[in-house]
Amino acid sequence: MNRMSWFNAVSLTLGFAFLYIPMVILVIFSFNESKLVTVWAGFSTKWYGELMQNEAFLNAAWVTIKVAVFSSTMATVLGTIAAYVLVRGGRFMGRTLFSGMIYAPLVMPEVITGLSLLLLFIGIGLDRGVFTIVLAHTTFSMCYVSVVVSSRLVTFDRSLEEAALDLGCSPAEAFRLVTLPIIAPAVISGWLLAFTLSLDDLVIASFTSGPSATTLPIKIFSAVRLGVSPEINALSTIMISIVTVGVITASLVTKHQVARQKREEQAAERA
Amino acid sequence: MTASVFEPWNDPEAKPLIHFQNVTKRYGEFTAIDNLTIDIYEREFYALLGPSGCGKTTLMRMLAGFETPTEGKIFLAGQDIAPVPPNKRAVNMMFQSYALFPHLSIWENIAFGLKREKMPKHDISDRVDEMLRLTRLEKFARRKPHQISGGQRQRVALARSLAKHPKLLLLDEPLGALDKKLRQDTQFELMDIQEKTGTTFVIVTHDQEEAMTVASRVAVMDHGKIIQVASPDRIYESPNSVYVADFIGDVNLIEGTAKPNGNEAYAMSWHEGHEPLTVKSPNAFSDGQKCHLAIRPEKVAISAEKPADADNAVQGRILDIAYLGNISTYHVELPTGAVIKAQTANTRRIARRAYTWEDTVWLSWTATAGVLLAD
């Protein structure tokens with residue numbers, strides 16, 4: 001392996017420092033003994049303990065997870081259907097318009113999405129709570145799912161579906177038995193994406209949540225306005241580690257699968 | 001013992017399995033299939049041959065049910081199949097990409113179609129095992145498609161499409177992805193399996209050698225039309241047009257004008273100052289009609305001296321020699337500038353070759369060696 005030139009080494013260090021110094025500071029101070037966030041007073045895990053006693057935070061965490069699970073599941077179903085129709089539906093009237101409209105929320109400012117949803121919910125007299133947050137998150141994360149799934153469908157060998165039809169499947173069976181299992185990885189990563197989007201959304205959730213339901217990001221945001229407490233540092237550290245573990249596991253699993261597939265293909269060609 | 005020849009197309013009593021009746025398929029302005037009428041008989045191995053874009057794949061996809069004709073009707077065993085969706089047709093297709101389901105094992109791939117028929121579990125298992133035996137894949141039943149080689153995948157695709165006992169099996173460039181050696185072996189295997197199962201096969205290919213090897217009849221297509229349908233030997237020996245003669249194998253084309261000269265015989269003048277060529281032709285030509293003499297290189301003999309009793313003999317100079325191992329092709333330039341290819345089998349070692357570059361030689365052929373074709 002070539003030694004890295006000093007220029008590359010410096011760029012790399014700067015880049016990673018830029019990305020990770022804030023998080024590292026946050027993690028370090030979550031283990032601070034002192035109540036003051038900026039003064040180090042020795043190592044302690046007491047804030048993690050206190051966090052577990054804090055009912056408001058725990059409730060918010062529970063709401064957040066419920067919202068994320070429901071909204072990402074609904075978004076995955078709707079987004080997959082939308083992607084399938086747009087890629088496979090052939091040329092129907094206004095297809096370009098439809099595909100544009102599916103992707104538009106990607107670039108729409110969140111404030112506007114949140115505000116318009118708020119107006120809608122007030123207009124139809126829907127009480128704001130967990131249900132409205134779920135609806136709102138489904139709306140905006142669905143287009144991310146459909147982007148991920150449609151990019152997989154574009155490279156999907158159409159003759160697989162034709163073969164299924166040819167062998168006696170109805171179109172619905174062909175989708176269930178052939179298309180869906182094959183695009184499953186894309187559908188799952190779409191779900192994960194929608195899940196994380198919902199998990200850390202603040203803007204849209206704050207428009208659509210009510211007094212009965214508060215998500216974790218809203219809770220953290222409002223707590224920070226009263227001053228950063230080490231408890232919040234501890235909470236954030238937990239969130240960071242959950243995400244890190246998730247990402248590393250996912251990439252290891254993928255890497256392992258790719259390597260195994262390659263090995264088996266080579267073995268098959270040799271045989 | 002009388003060997004019965006399989007030629008249902010010559011039997012006026014025979015009912016075709018498939019009948020295309022004035023079928024036309026248009027995509028917008030583009031006409032892919034142009035008013036086409038053909039019959040395909042039971043147990044036939046029917047090859048659709050043509051350059052890419054000639055409509056052969058569209059024809060096959062109409063049989064499978066993935067395309068519907070713009071005009072005309074398609075009958076399968078006497079029944080109009082236009083309103084029948086692909087999943088309800090007694091027709092199966094082997095795809096060019098094989099289209100094996102990557103998430104299922106070889107066994108499950110073959111069983112896929114049978115399970116859709118709601119066949120009893122026991123029968124499915126028997127049938128799959130039978131197909132695995134037929135295609136010599138017993139050892140691979142538990143593997144996934146990416147765990148076997150290209151040739152094995154091809155056999156899985158064949159087994160899967162045959163499992164449901166289709167009345168008609170469609171093969172879309174079935175051997176296109178295999179290397180040459182494997183392709184030749186597989187051609188014979190295909191013929192063998194077709195004979196064993198008695199299924200009607202329709203194969204789409206752009207490889208004329210493949211079509212000639214496997215098919216009972218070859219249909220040569222161009223621009224959405226069938227140019228000629230005949231057995232491989234008739235396609236080769238008696239092409240009905242310059243297009244077919246040129247598309248199948250190697251051919252010399254000599255342009256000239258016909259002059260009737262007795263019973264089915266013509267004197268064809270081809271160049272001033274040269275004796276007219278003597279040609280026998282069942283196709284009728286009027287006096288002075290423009291025509292082409294199509295003659296295969298292997299039917300042109302090459303010699304140092306003018307052969308005494310040849311119907312036709314012309315002199316030329318060797319321009320090029322293509323040595324192919326078993327045969328050599330001599331490119332001989334005539335005084336007119338035209339180049340005629342003559343092929344001889346290399347029955348002796350190359351060091352003993354009689355002619356070399358720049359030699360003046362005589363080319364000769366009999367009156368019946370070539371066919372006379374209209375412009």
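Here the structure is a predicted model, which means the values were calculated and not measured.

### Structural notes on the overall build of chain B
Counting its regular elements, chain B contains eight helices and 20 strands. Contacts spanning at least 24 positions in sequence make up 64% of the contacts within chain B whose residues lie at least 6 apart.

### Let's talk about the overall build of chain A
The helix and strand tally for chain A stands at eleven helices and zero strands. Scaling as 2.2 N^0.38, a compact globule of 271 residues should have a C-alpha radius of gyration of about 18 Å, whereas chain A reaches 23 Å, well beyond that. Counting only C-alpha atoms and orienting by the principal axes, one finds that chain A spans roughly 70 × 65 × 35 Å. Burial status across chain A gives 30% buried among its 271 residues. If you take every contact in chain A between residues at least 6 apart in sequence, the share linking residues at least 24 apart comes to 76%.

### Remarks on the nonpolar core
In terms of nonpolar packing, the biggest core is built from 103 residues, with Ala47, Leu63, Ile110, Leu170, Val202 and Ala219 of chain B touching the most fellow members. Element by element, the count of residues in this core is highest for helix H2 (residues 106–116) of chain B, at six residues. Excluding its chain neighbours within four sequence positions, the residues that come into contact with Ala219 of chain B are Ile38, Tyr46, Ala47, Leu48, Leu49, Ile226 and Val229 of chain B. Residues Ala75, Ala83, Leu86 and Ile232 of chain A belong to the second largest nonpolar core, which totals 40 residues.

### Re the sheet that holds strand S2 (residues 30–40) of chain B
Residue and element names in this part refer to chain B. In spatial order, the strands read S2-S1-S4-S5; together these four strands make up an open sheet with antiparallel pairing. The open sheet terminates on both sides in strands that have one partner only, identified here as S2 and strand S5 (79–80). For strand S1 (residues 18–27) and S2, the ladder comprises seven bridges, and the chain directions are antiparallel. Opposite Arg26, over in S2, you have Thr31 as the bridge partner.

### With respect to the sheet that holds strand S13 (residues 277–280) of chain B
Residues and elements named next belong to chain B. An order of S13-S12-S11-S14-S20 is seen for the five strands of this open sheet, with the pairing classed as antiparallel. This sheet does not close on itself; its edge strands, each paired only once, are S13 and strand S20 (371–374). Direction aside, the axes of adjacent strands within the sheet are offset by 45° on average. Direction of pairing for strand S14 (residues 290–295) relative to S20: antiparallel, over a ladder of four bridges. Paired with Ala294 across the two strands is Val371, which belongs to S20.

### Here's the deal with the packing of helix H7 (residues 158–166) of chain A against helix H8 (residues 171–200) of chain A
Residue and element names in this part refer to chain A. It is the contact of H7 with H8, at a shortest axis distance of 9 Å, that shows an interaxial angle of 140°. By the criterion of interaxial angle, the relationship of H7 to H8 is oblique. As for how H7 packs across H8, the hand of that crossing is right-handed. Facing Leu160, Glu161, Ala164 and Leu165 of H7, the residues of H8 in contact are Pro171, Ala174, Leu177, Val178, Thr179 and Ile182.

### Regarding the confidence of the model for chain A
Within chain A, residue pLDDT values average 88, and 99% of them lie at 70 or more. The least confident element of chain A is helix H4 (residues 95–107) of chain A, whose mean pLDDT is 82; the most confident is H7 of chain A, at 93.

### Some details on the interface of chain A and chain B
Opposite the 20 residues of chain A that make contact, chain B presents 21 residues. Looking at the side of chain A that touches chain B, the elements that each hand over two or more residues are H7, H8 and helix H11 (230–270) of chain A. Top element by residues in the side of chain A that touches chain B is H7 of chain A. It accounts for six residues. Within the side of chain A that touches chain B, the residues separate by chemical class into ten nonpolar, four polar and six charged.

### Thoughts on the environment of Ala174 of chain A
Take Ala174 of chain A: it is sitting in helix H8. Linking Ala174 of chain A and Ala164 of chain A, residues ten residues apart in sequence, is a C-alpha distance of 5.5 Å.

### Examining the confidence of the model for chain B
Residues at a pLDDT of 70 or more form 98% of chain B, whose mean pLDDT is 90. Scored as a complex, the prediction yields pTM 0.81 and ipTM 0.83.

### Examining the pairing of strand S7 (residues 168–172) of chain B
Looking along a regular strand, one sees the side chains alternate between the two faces of the sheet. Residue and element names in this part refer to chain B. Most of S7 sits out of view: five of its five residues are buried. Every second residue of S7 is oriented toward a common face, with Leu168, Leu170 and Asp172 on one face and Leu169 and Leu171 on the other, all of them buried. Summarising the sheet, S7 and strand S8 (residues 200–205) pair through five bridges and their orientation is parallel. Looking at S8, one finds that Leu169 is bridged to Phe201.

### A closer look at H8 of chain A
All names here are of chain A. With 30 residues, H8 should cover 44 Å at 1.5 Å per step; its first-to-last C-alpha distance of 38 Å lies more than 12% under that length. The sharpest bend along H8 reaches about 60° and sits at Ala184, with the proline Pro185 one to four residues further on. All of the buried residues along H8 are Ala174, Val178, Ile183, Ala186, Val187, Gly190, Trp191, Ala194, Phe195, Ser198 and Leu199. On its buried face, H8 sits against helix H3 (55–88), helix H6 (130–154) and H7.

Calculation criteria
- In this convention, every chain numbers its residues from 1, walking through the sequence in written order.
- Following the order in which they are written, the chains are lettered starting with A and the ligands numbered starting with 1.
- Per-residue local features are limited, in this predicted model, to residues with pLDDT of at least 70; the limit for side-chain atom pairs, both in listing and counting, is 80 or more; totals at the level of whole chains, interfaces and linings are taken over all residues.
- Strands here mean DSSP runs of E at least two residues long; helices mean DSSP runs of H or I at least four residues long; both are numbered from the N terminus.
- A residue pair is marked as a contact if its C-beta atoms, positioned from the backbone, fall within 7 Å.
- We take the radius of gyration over the C-alpha atoms and set the globule estimate at 2.2 Å times the residue count to the 0.38 power.
- The exposure label follows from counting other C-beta atoms within 10 Å of a residue's C-beta, where the C-beta atoms are placed from the backbone and the thresholds are 20 or more for buried and 12 or fewer for exposed, leaving partly exposed in between.
- Each nonpolar core comprises buried Ala, Val, Leu, Ile, Met, Phe, Trp, Tyr and Cys residues, the members being joined through C-beta atoms within 7 Å.
- When DSSP finds two or more bridges between a pair of strands, those strands are recorded as paired.
- Every angle, taken between N-to-C directions, lies between 0 and 180 degrees, and every axis is a line fitted to C-alpha atoms, over only the stretch in contact when it is a helix.
- By the definition adopted for this analysis, an angle is roughly parallel if under 35 degrees, roughly antiparallel if over 145, roughly perpendicular if from 65 to 115, and oblique otherwise.
- By convention the crossing between two helices is left-handed if the near helix lies anticlockwise of the far one by an angle smaller than a right angle, and right-handed if it lies clockwise.
- Looking at any residue, its pLDDT shows the predictor's confidence there, from 0 to 100.
- For this scheme, ten residues count as nonpolar: Ala, Val, Leu, Ile, Met, Phe, Trp, Tyr, Cys and Pro. Four count as charged, namely Asp, Glu, Lys and Arg, and the remainder, Gly too, count as polar.
- Under the convention used throughout, the expected extent of a helix is 1.5 Å for every residue step, that is, one less than its residue count.
- Note on bend: at a given residue it equals the angle between the axes fitted to the 7 residues ending there and to the 7 starting there.

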